[in-house]
Amino acid sequence: MIAVSHIQEDKGRFYIKEENQTIAELAFEEEGPLIIITHTQVNPQNQGEGLATELVAHTVQYARENDKKIKPVCSFAEQVLKDEQKYHDVLNG
């Protein structure tokens, strides 16, 4: 499992790199008070390691720190946010 501290940020995405290769990413757009998660992707050889879930958790932390709500368009992110009661405070709608 990769430590959350390895999550990096670029404009419109959070991502995890291993050996100079992006192995997981979460794409988002910010519209005013909303963070819209549009896509999560994990390299096939890294699936099942919880990386996409870690990226969603990082996005929740970012939303809380910036007083924003999350609107998940990505079905994976939506499922994680709805399943985890602890994330409901940042879920839009």
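Above this note sits the structure.
What counts and how
- Residues numbered from 1 in each chain as written.
- Predicted model: local features only at pLDDT ≥ 70, side-chain atom pairs only at ≥ 80, totals over all residues.
- Heavy atoms only, no water.
- Helix = DSSP H or I, 4+ residues; strand = E, 2+ residues; numbered from the N terminus.
- Rg over C-alpha atoms; globule rule 2.2 N^0.38 Å.
- Buried < 20%, exposed > 50% of the residue type's maximum accessible area, 1.4 Å probe, protein only.
- Contact = heavy atoms within 4.5 Å.
- Areas by Shrake-Rupley, 256 points an atom, 1.4 Å probe, with all protein chains shown as cover.
- Lys, Arg positive; Asp, Glu negative; His and termini not counted.
- Charge placed at Lys NZ, Arg CZ, Asp CG, Glu CD.
- Salt bridge = Lys/Arg side-chain N within 4 Å of Asp/Glu carboxyl O.
- Pairing = 2+ DSSP bridges.
- Axes fitted to C-alpha atoms, helices over the stretch in contact; angles between N-to-C directions.
- Core = buried A, V, L, I, M, F, W, Y, C linked by side-chain atoms within 4.5 Å.
- Right-handed = clockwise from strand over helix to strand, strands pointing away.

## So, the overall build of the chain
- Within the chain one finds two helices and five strands.
- Walking the chain from its N terminus toward its C terminus, one meets helices and strands in the order β-β-β-β-α-β-α.
- Taking 2.2 N^0.38 as the reference for a compact globule, 93 residues should give roughly 12 Å; the C-alpha atoms of the chain span a radius of gyration of 12 Å, in line with that estimate.
- Taken along its principal axes, the extent of the C-alpha atoms in the chain is 35 × 25 × 20 Å.
- By residue count, 40% of the 93 residues in the chain fall in the buried class.
- Restricting the contact set of the chain to residue pairs at least 6 apart, pairs at least 24 apart contribute 42%.
- In the form shown here, the chain has an accessible surface area of approximately 5500 Å², with 43% of it arising from carbon and sulfur atoms.
- Seen as two clouds, the 9 positive and the 16 negative side-chain charges of the chain have centres 5 Å apart.

## Quick notes on the pattern of salt bridges
- Considering all chains together, one arrives at five salt bridges under this definition.
- With a shortest N-O distance of 2.8 Å, Arg64 and Asp89 are connected by a salt bridge. Of this pair, Arg64 sits in helix α1 (residues 51–65) while Asp89 sits in the segment after α2 (75–83), placing them 25 residues apart in sequence.
- Owing to a relative accessible area of 40%, Asp89 belongs among the partly exposed residues under this scheme.
- Counted as one network, the salt bridges with shared partners bring together Asp10, Arg13 and Glu25.

## A short note on the sheet that holds strand β1 (residues 7–10)
- Across the sheet, five strands lie side by side as β1-β2-β3-β4-β5; this open sheet has mixed pairing. Both edges of this open sheet fall to β1 and β5 (69–72), since each of them pairs with a single strand only. Across the sheet, the mean angle separating the axes of adjacent strands is 30° when strand polarity is ignored.
- Pairing of strand β2 (residues 13–18) with strand β3 (residues 21–31), which is carried by six bridges, proceeds in the antiparallel orientation. Paired with Ile16 across the two strands is Ala24, which belongs to β3.
- Across the sheet, α1 touches β1, β2, β3, β4 (34–42) and β5, and the angle it forms with β3 is around 35°.
- Sheet strands in contact with α2 are β4 and β5, and its direction is about 130° off that of β5.

## As for the nonpolar core
- Counting residues in each nonpolar core, the largest one holds 25 residues, and the members touching the most others are Phe14, Ile16, Leu26, Ile37, Leu55, Ile70 and Leu81.
- Of all the secondary structure elements, the ones that give two or more residues to this core are β2, β3, β4, α1 and α2.
- Top element by residues in this core is α1. It accounts for seven residues.
- Not counting residues up to four positions away in its chain, the partners in contact with Leu55 are Ile7, Phe14, Tyr15, Ile16, Ala24, Glu25 and Leu26.

## Comments concerning the pairing of β5
- In β5, alternate side chains face the same way, and those of Ile70 and Pro72 are buried while those of Lys69 and Lys71 on the opposite face are not.
- Here β4 runs beside β5; their pairing, made up of four bridges, is parallel. From the neighbouring strand, Leu34 faces β5, where its bridge partner is Lys69.
- Handedness of the β4-α1-β5 crossover: right-handed.

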